[in-house]
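# Architecture at a glance
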Amino acid sequence: MRIGQYRTTDDESPWTGVATDAGVIDLSTAGAAAGVDIGPKTSDLLADWEWRRKADLAVEYAEETGVGLRDPAELDRAAPVDDPRKVVCVGLNYRDHAEEGDNPIPDDPVLFSKFPTSVVGPEDAVRWDPEYTEKVDYEAELVAVIGEETRRVDPDEAMEHVAGFTVGNDVSARDLQHGDGQWVRGKSLDTFAPTGPDLVTTDEVGDPHDLDIFAEVNGERLQESSTENLIFGVDDLISFCSQAFTLKPGDLVFTGTPPGVGVYREPPVLLGDGDEVTVGVEGVGELTTEFETE
Ligand code: ZN
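Thresholds, definitions, all that
- Residues numbered from 1 in each chain as written.
- Predicted model: local features only at pLDDT ≥ 70, side-chain atom pairs only at ≥ 80, totals over all residues.
- Heavy atoms only, no water.
- UniProt positions renumbered as here; feature names shortened; annotations may be inferred.
- Donors = N, O, S within 2.8 Å, 3.2 Å for Na, K, Ca; no water.
- Buried < 20%, exposed > 50% of the residue type's maximum accessible area, 1.4 Å probe, protein only.
- 1 Å grid on protein atoms, 1.4 Å probe; cavity = no way out; pocket = protein on both sides within 12 Å on 5 of 7 lines; lining within 4 Å.
- Points joined across faces, edges and corners; volume = space filled by probe spheres on them.
- Helix = DSSP H or I, 4+ residues; strand = E, 2+ residues; numbered from the N terminus.
- Domains from an automatic or database assignment.
- Contact = heavy atoms within 4.5 Å.
- Buried area = accessible area lost by both parts, 1.4 Å probe.
- Salt bridge = Lys/Arg side-chain N within 4 Å of Asp/Glu carboxyl O.

Labelled according to an unreviewed UniProt entry, the protein appears under the name 5-carboxymethyl-2-hydroxymuconate delta-isomerase, originating from Halorubrum tebenquichense DSM 14210. Its UniProt record, at the heading Sequence similarities (unreviewed entry), says of the protein: "Belongs to the FAH family."

Okay, here's the thing in structure tokens:
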């Protein structure tokens, strides 16, 4: 199932829908007609412990009756989850990326955070003041979306707590990130977490540790790897996080980026006004973002 958020007009609050061959199914509308209560947003959906069954029922009903079916051409896209409670990230989680920055391979995941206000969707631009940061960079990432409350789970049960995956660009202001002594400011500028287009459920993605991943800047491929190179897999990351804090439905876990980010290239590739970055993960989707200075 490909779960996204949509809106008809700019000022409409995003609502959750499922992309099908016939169109986009408005889950709340189709669910109400089918007799199941589904809140308007993806975060509402995932907060319901029966969300998988309810979503299946709503989709089935919409496909039979046409109720809640919308024409995607009339809709704008929002982030699949635009209101996560937290955005957890991991540094240095691809072996080659750790090496390109002369960093030792970590014994445990190195966690950091982006504030939730940095999250934007597949049709939003990344915007920044060029006097505030001069070193804006991209990071292609597979993003796990939490599907149920998760506290102290073992790796072998961690995947049951994941709703699915989306594509993320962990946009980073390198001068702030490396100048501060800790990363949160350089990672959390407004708009610096493009995600989407869809949350693709785990059953549809298959093995999350065997997916091609890439980033292209203005059509030139600058990152290319596979999630088989992850040092800590999704199950290990979720388990590790859950020993420390509770993961909530809708929380986003950025799983790290492969080699080829701009700051370590010779010469460095830093993003400027008018650049376009596409991040893709096999079976999950492609996310293209415009970069604009304010
Ligand atoms: Zn990252």
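Next comes the rest of the description.
Our next topic: the coordination of the zinc ion. The coordination sphere of the zinc ion, as far as protein atoms go, consists of Glu139 (OE), Glu141 (OE) and Asp170 (OD), spread over 1.9 to 2.1 Å. The sequence pattern formed by the donor residues of the zinc ion is E-x1-E-x28-D. On the accessibility criterion, Glu141 (1% relative accessible area) is buried.

In this section: the layout of surface pockets. When its volume is computed, the largest pocket comes out at roughly 190 Å³. Looking at the largest pocket, it is lined by 19 residues, and the ones nearest its centre are Leu92, His97, Gln177, Trp183 and Tyr264. Within the residue set of the lining of the largest pocket, elements represented by two or more residues are β6 (87-91) and α6 (174-179). For the lining of the largest pocket, the element with the most residues is α6, which contributes three residues.

So, on to the domain arrangement of the protein. Looking at the assigned domains, one finds that the protein contains domain 1 (2-78) and domain 2 (87-293). Contacts between the two partners involve 12 residues from domain 1, matched on the other side by 21 residues from domain 2. Of the roughly 1200 Å² buried between domain 1 and domain 2, counting both surfaces, carbon and sulfur atoms make up 46%. In terms of surface lost to domain 2, no three residues of domain 1 exceed Arg2, Leu46 and Arg77, which account for 53% of the buried area on that side. For the pair domain 1 and domain 2, the interface holds four salt bridges. Of the charged contacts in the structure, one is a salt bridge between Arg2 and Asp198, with a shortest N-O distance of 3.4 Å. Where the side of domain 1 that touches domain 2 is concerned, the elements lending two or more residues are β1 (2-7), α2 (42-47), α3 (51-65) and β5 (76-78). Ranked by residue count, the leading element in the side of domain 1 that touches domain 2 is β1, at four residues.

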